[in-house]
Amino acid sequence: MLIVPAAADFTPGSFGHKGEIVDGWETRRRRTPGHDWVLIRLGSPGVIHSIDVDTSFFTGNYPDTCRIEACGVEGYPSPEELAGPDADWQEIVPLSPLKGGTHNHFTVTAPTRFTHIRLAIHPDGGVARLRAHGRVVPDPRRFDGLTVDLAAREHGGVVETGSDTFYSSAGVLNLPGLARHMGDGWETRRRRGPGNDWAIISLAAPGRLRQIEVDTSYYVNNASGECALYGANSATTPGPDSPLWFPLLPRTRLQPDTRHFFDVTGSDPGAGTDVVTHVRFDVFPDGGISRLRLLGSVDSAARPALALRWFNALPAGQARAVLTATAGLDPHTARELVARRPLAPGDPATEAIPLLRQAHRWSATGSARV
């Protein structure tokens, strides 16, 4: 229940065979020393900026205090392995008091990329929801030689801004999975004047787009009538009227309650042109869009910077494991290299490691070797 996307809800007077039915994680009353805890694998590994320990509706049965730890590990460890000595847990929220029936917010300052968190509550009690907010730091090895959704939130894509948030935020456009209902998409108010609505997205990595999926599922009488897509290659997010935007998809008609797939006509991966870092998605004149997918491949020239950002953010233990198990370095050399971080582009040490220098499965043109 802790990670259910919807906010907590509670109906007083609802009882089951274990007592009152609550919308959250509630532990039994502890009569022995110790405390309760829960282990969570993050939806996407990344740098955590803040934690929300939500005790909504828990007023006489919330924990007195909580403590939160995090770690970063390779692969898919079991709970037993995460409890072992190889998991380097770091405290990101010290033992702190909690208030009942509210959102308890904690700032996290660690610049480290984590894969798991562990919430400890003292001594017992109920927590409705747990949120870890931050920035996704993708593993570049997951992109090598593949076509992926470069706009996806799970890969590090960010909806930076949108023209209208009256019914919902444009930030839902790049959520994982299909929309569950009409309220799970981006719907703008009815436009009575000139112009059109739009959203700007930072891609997970610079890349070349090949296909766009525009999903209007559940929008029957209020879907957007048309759409267009523009791209930009910029170190910062361009404004909606920036001259940096160039066309990727011309103004195209949409159907209600339909998943549409369009080729990105402005991009030519074979010629090595039209590298995109941001997109502006225009809808005409207003209406609803459930999801937006931008399928493409990471630009081979951008891959080293992506790898360095990822490697510099890894916990020391995971960074050493990457260098020994994946890059083939001896443990002593790996420890020395990890201690030198943050590494910079052009550093002789990084140039000697193909994992950081370039994708080992890519050719010079950025295509996957077969």
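The model shown is predicted, which means the values in this text are computed figures rather than measured ones.

The rules behind the values
All chains use their own residue numbering, which begins from 1 and follows the written sequence. Side-chain atom pairs in this predicted model are given and counted only at pLDDT of 80 or more, local residue features only at pLDDT of at least 70, and totals for whole chains, interfaces and linings cover all residues. To obtain the side-chain values, all non-hydrogen atoms of the structure were included, while hydrogens and water were left out. Take a side-chain nitrogen of Lys or Arg and a carboxyl oxygen of Asp or Glu: if they are within 4 Å of each other, that pair is a salt bridge. Exposed residues in this analysis have more than 50% of their type's maximum accessible area, buried residues have under 20%, and partly exposed residues fall in between, with area computed by a 1.4 Å probe over protein chains only. Numbering of helices and strands runs from the N terminus; a helix is a DSSP stretch of H or I covering at least four residues, while a strand is a stretch of E covering at least two. Every residue pair with non-hydrogen atoms within 4.5 Å of one another is taken to be in contact. Residue-level confidence of the predictor is what pLDDT reports, using numbers from 0 through 100. An arc is given here, and it is the one of the directions from the helix axis to the C-beta atoms. Each Phe, Tyr or Trp ring (for Trp, its six-membered ring) is paired with any other whose centre lies within 6.5 Å, and the angle between the two planes then decides the class: stacked below 30 degrees, edge-to-face above 60, tilted in between. Each ring is checked for a lysine NZ or an arginine CZ that lies within 6 Å of its centre and within 35 degrees of its normal; such an atom marks a charge sitting over the ring. By nonpolar core is meant a set of buried Ala, Val, Leu, Ile, Met, Phe, Trp, Tyr and Cys residues that side-chain atoms within 4.5 Å join together. In this analysis an axis means a line fitted to C-alpha atoms, helices contributing only their contacting stretch, and an angle means the value between N-to-C directions, from 0 to 180 degrees. In this scheme, roughly parallel covers angles under 35 degrees and roughly antiparallel covers those over 145, while 65 to 115 is roughly perpendicular and the rest are oblique. Each crossing gets its hand from how the near helix is turned against the far one by less than a right angle, where anticlockwise is left-handed and clockwise is right-handed. To count as a disulfide, a pair of cysteine sulfur atoms needs to be within 2.5 Å. In the analysis that follows, any N or O atom pair within 3.5 Å is treated as a polar contact, provided that within protein one partner can donate a hydrogen and the other can accept it, and provided that, for residues neighboring in sequence, both atoms belong to side chains.

Examining the pattern of salt bridges
Close approach of charged atoms allows side chains with opposite charge to pair.
Working step 1: Under the criterion given, the structure shown has 19 salt bridges.
Working step 2: Where R180 meets D184, a salt bridge forms, and the shortest distance between an N and an O atom there is 3.4 Å.
Working step 3: What makes D184 buried here is its relative accessible area of 8%.
Working step 4: A salt bridge links E226 to R251; the shortest N-O distance between them is 2.8 Å.

Comments concerning the environment of I48
Working step 1: Mapping I48 onto the fold places it in strand 4 (residues 36-54).
Working step 2: Sequence-wise, I48 and P77 are 29 residues apart; in three dimensions their C-alpha atoms are separated by 20 Å.
Working step 3: Dropping the residues within four chain positions of it, I48 is found in contact with L42, I92, V108, A110, T112, F114, I117, A132, H133 and G134.

Regarding the environment of H133
Working step 1: Mapping H133 onto the fold places it in strand 10 (residues 129-136).
Working step 2: Relative accessible area serves as the criterion here: at 42%, H133 is assigned to the partly exposed category.
Working step 3: The sequence separation of H133 and E74 amounts to 59 residues, and the corresponding C-alpha distance is 21 Å.
Working step 4: With residues up to four places along the chain from it excluded, the contact list for H133 reads I48, H49 and S50.

Examining the confidence of the model for the protein chain
Working step 1: Scored by pLDDT, the protein chain comes out at a mean of 90, with 93% of its residues at no less than 70.
Working step 2: With pLDDT under 50 throughout, residues 359-370 is counted as low confidence; its partners more than four residues away or in other chains account for 22 contacts.

A few points about helix 3 (residues 316-326)
Working step 1: Along helix 3, the residues classified as buried are Q318, A319, V322 and L323. The buried residues of helix 3 occupy one face: seen down the axis, they fall within an arc of 135°.
Working step 2: Positive phi appears at G328, one or two residues downstream of helix 3, with a value of about 80°.

Section: the packing of aromatic side chains
Working step 1: Considering all chains together, one arrives at two aromatic pairs under this definition.
Working step 2: Between F10 and F57, the aromatic rings sit 5.8 Å apart at their centres with planes inclined by 40°, giving tilted as the arrangement. Of the two residues, F10 is situated in the segment before strand 1 (15-16) and F57 in the loop between strand 4 and strand 5 (65-71); the sequence distance between them amounts to 47 residues.
Working step 3: The exposure class assigned to F57 is partly exposed, which follows from its relative accessible area of 44%.
Working step 4: The side chain of R118 reaches across the aromatic face of W89, ending 4.2 Å from its centre.
Working step 5: Its end group placed over the ring of F311, R341 keeps NZ or CZ at 5.6 Å from the ring centre.

Description of the nonpolar core
Working step 1: Core analysis: the biggest nonpolar cluster contains 33 residues, and L209, I212, V214, L229, V279, F281 and L294 have the highest contact counts within it.
Working step 2: Looking at this core, the elements with two or more residues in it are strand 14 (197-215), strand 15 (226-232), strand 16 (246-253), strand 18 (276-284) and strand 20 (291-298).
Working step 3: Excluding its chain neighbours within four sequence positions, the residues that come into contact with V214 are C227, L254, T258, R259, H260, F262, F281, I289, R291 and L292.

Description of the packing of helix 3 against helix 4 (residues 331-339)
Working step 1: Between helix 3 and helix 4, whose axes approach to 9 Å, the crossing angle comes to 135°. One finds that helix 3 runs oblique with respect to helix 4. Between helix 3 and helix 4 the crossing geometry is right-handed. Residues A316, A319, R320, L323 and T324 of helix 3 form the contact with helix 4, whose own contacting residues are P331, A334, R335, L337 and V338.

Side note on the state of the cysteines
Working step 1: With the rule as written, the count across this model stands at zero disulfides.
Working step 2: No disulfide involves C71; its sulfur sits 17 Å from the nearest other cysteine sulfur, which is in C66.

Observations regarding the side chain of R280
Working step 1: Assignment of secondary structure puts R280 in strand 18.
Working step 2: In terms of polar contacts, R280 uses its side chain to reach the backbone carbonyl oxygen of P240, at 2.7 Å.
Working step 3: At a separation of 2.9 Å, a polar atom in the side chain of R280 contacts the side chain of D282.
Working step 4: Setting aside its immediate chain neighbours within four residues, R280 contacts W198, A199, I200, A228, L229, Y230, P240 and W245.

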